[in-house]
Amino acid sequence: MLIVSNWKAYVEKLDKAKALLAAAKRAAGKGGHELVLAPPAPFLGLLTGVRTKVRFASQDLSLSTGGAHTGEVTAAAVVGAGASYAIIGHSERRAAGETDEQVLEKVRHAIAHKLTPIVCIGERERDEDAQYLKFVREQIGAVYAPLSPKERLQVVIAYEPVWAIGKAAADAITSTDLAEMIAYIRKVLADYIPGKGNQKVRIIYGGSVEPGNIRMLAGGSGVDGFLIGHASVDVPTYSALVKALS
Ligand code: PGA
């Protein structure tokens, strides 16, 4: 499974970042999971130096390509700091004004820099008429339709319903609903990646994944991994999460 820790702005001290990296290193290789850490940008290059199985992601990506752009964290700088993934279109970035068009440009920009984009999609709320399915389909289409067939295969989708983010395990999605969503997303992907190719796209889930529900969500839902926020920034909780999947 692909287990991505989204540290958001929870981690502000280097000591804590190093303790979490040490926990990831201990867990890496066990159970065959791919562990990815997405630290706040200033810590990225400080953590990646040592040879390890742990991989790294940026939490966002600037569309700037170097030069006079004060404050921008460019793709080339992120790659230079040792990241191989980029989280793109997180709902917290979208809430700050990021548009589908910008998400698409960032995805292309990531791929051009050999970063694997982890594209976040997900409805804000669920309605009885299932309009949220249409919303999710349109979010996927906004990214996939303009991409080339080759680019489409390089995207990781993170299904993160906004209503489930930052709560507790009890408020997260059920495994039945998750299985339904993964099947739905695969069906939508089939419109853009015909044949068996869409089966290769990794679809991960995020939203209040905790040690108490990760196993249940993994079992039989068809999910390929998780994008984990608050539960990934405490060493014992993080270790328990990875252990629960072993
Ligand atoms: P959460 O966040 O695990 O704290 O719900 C997940 C995310 O927003 O990526």
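Please refer to the structure placed before this passage.
To keep things clear, this report deals only with the structure shown in the data block.

What counts and what doesn't
Residues numbered from 1 in each chain as written. Predicted model: local features only at pLDDT ≥ 70, side-chain atom pairs only at ≥ 80, totals over all residues. Heavy atoms only, no water. Helix = DSSP H or I, 4+ residues; strand = E, 2+ residues; numbered from the N terminus. Rg over C-alpha atoms; globule rule 2.2 N^0.38 Å. Buried < 20%, exposed > 50% of the residue type's maximum accessible area, 1.4 Å probe, protein only. Areas by Shrake-Rupley, 256 points an atom, 1.4 Å probe, with all protein chains shown as cover. Lys, Arg positive; Asp, Glu negative; His and termini not counted. Charge placed at Lys NZ, Arg CZ, Asp CG, Glu CD. Axes fitted to C-alpha atoms, helices over the stretch in contact; angles between N-to-C directions. Parallel < 35°, antiparallel > 145°, perpendicular 65-115°, else oblique. Left-handed = near helix turned anticlockwise from the far one by under 90°. Contact = heavy atoms within 4.5 Å. Pairing = 2+ DSSP bridges. Right-handed = clockwise from strand over helix to strand, strands pointing away. Core = buried A, V, L, I, M, F, W, Y, C linked by side-chain atoms within 4.5 Å. Salt bridge = Lys/Arg side-chain N within 4 Å of Asp/Glu carboxyl O. Polar contact = N/O pair within 3.5 Å; in protein donor to acceptor, adjacent residues only side chain to side chain.

**Points about the overall build of the protein**
Line of reasoning, step 1. Helices and strands together make up the secondary structure of the protein, namely ten helices and eight strands.
Line of reasoning, step 2. Its C-alpha radius of gyration of 17 Å places the protein within 12% of the 18 Å reference for a compact globule of 246 residues.
Line of reasoning, step 3. In the protein, which comprises 246 residues, the share counted as buried stands at 50%.
Line of reasoning, step 4. Working note: accessible area of the protein is about 11300 Å², and carbon and sulfur atoms make up 53% of it.
Line of reasoning, step 5. Mean positive and mean negative side-chain charge positions of the protein (29 and 25 charges, respectively) differ by 11 Å.

**Focus: the packing of helix α6 (residues 131–144) against helix α8 (residues 175–192)**
Line of reasoning, step 1. Taken N-terminus to C-terminus, the directions of α6 and α8 make an angle of 40°; their axes are 10 Å apart at the nearest point. By the angle between their axes, α6 is oblique relative to α8. Note on packing geometry: the crossing formed by α6 with α8 is right-handed. Contacts from Y132, L133, K134, V136, R137, I140, G141 and Y144 in α6 reach M181, Y184, I185, V188, L189 and Y192 in α8.

**A word on the pairing of strand β6 (residues 156–159)**
Line of reasoning, step 1. Side chains of β6 alternate between two faces, with V156 and A158 and I157 and Y159 buried alike.
Line of reasoning, step 2. Pairing of strand β5 (residues 116–121) with β6 involves four bridges; the strand directions are parallel. For I118, the partnering residue across the bridge sits in β6 and is V156.
Line of reasoning, step 3. Pairing analysis gives three bridges linking β6 to strand β7 (residues 203–206), with the strands arranged parallel. Directly across from Y159, in β7, lies its bridge partner Y205.
Line of reasoning, step 4. Crossover β6 to β7 through α8 is right-handed.

**Re the sheet that holds β6**
Line of reasoning, step 1. With parallel pairing, eight strands are arranged side by side around a closed barrel as β1-β2-β3-β4-β5-β6-β7-β8. This sheet shows a mean twist of 25° between the axes of neighbouring strands, independent of strand direction.

**Re the nonpolar core**
The nonpolar side chains of a soluble globular protein tend to be buried, and buried together.
Line of reasoning, step 1. Grouped together as the largest cluster of nonpolar side chains are 69 residues, with contacts concentrated most on V107, Y144, I157, I185, Y205 and F226.
Line of reasoning, step 2. Here the element with the most residues in this core is α8; it accounts for seven residues.
Line of reasoning, step 3. Apart from residues no more than four positions distant in its own chain, I185 is found in contact with I121, V136, I140, I157, Y159 and I203.
Line of reasoning, step 4. By size, the runner-up hydrophobic cluster in this structure holds 13 residues, among which are A38, A57, V156 and L227.

**Observations concerning the environment of L44**
Line of reasoning, step 1. Along the chain, L44 falls in helix α2 (residues 41–48).
Line of reasoning, step 2. Judged by its relative accessible area of 4%, L44 is buried.
Line of reasoning, step 3. Taking the C-alpha atoms as reference, L44 lies 20 Å from F226; in sequence the two are 182 residues apart.
Line of reasoning, step 4. Aside from chain neighbours lying at most four places away, what touches L44 is P39, F56, A57, V78, A81 and A83.

**A look at the pattern of salt bridges**
Line of reasoning, step 1. For the coordinates displayed, the defined rule picks out twelve salt bridges.
Line of reasoning, step 2. Here R108 makes a salt bridge to E105, at a shortest N to O gap of 3.6 Å. On the criterion of helical spacing, the pair formed by R108 and E105 is a turn pair, its members being three residues apart in helix α5 (residues 100–112).
Line of reasoning, step 3. A relative accessible area of 29% places R108 in the partly exposed class.
Line of reasoning, step 4. Ionic pairing is found between D224 and R186, a salt bridge with its closest N-O pair at 2.8 Å. Residue D224 is located in the loop between α9 (214–218) and β8 (225–228), and its partner R186 is located in helix α8; the two are separated by 38 residues in the primary sequence.
Line of reasoning, step 5. A cluster of three or more residues bridged by salt bridges with shared partners is formed by D60, R93, E98 and K106.

**Details of the side chain of K106**
Line of reasoning, step 1. Looking at where K106 falls in the secondary structure, it is placed in helix α5.
Line of reasoning, step 2. Overall, K106 belongs to the buried group, its relative accessible area being 9%.
Line of reasoning, step 3. Here the side chain of K106 touches E98 through a polar contact of 2.5 Å, side chain to side chain.
Line of reasoning, step 4. The residues touching K106, leaving out its near neighbours within four places in the chain, are D60, L61, L63, I88 and E98.

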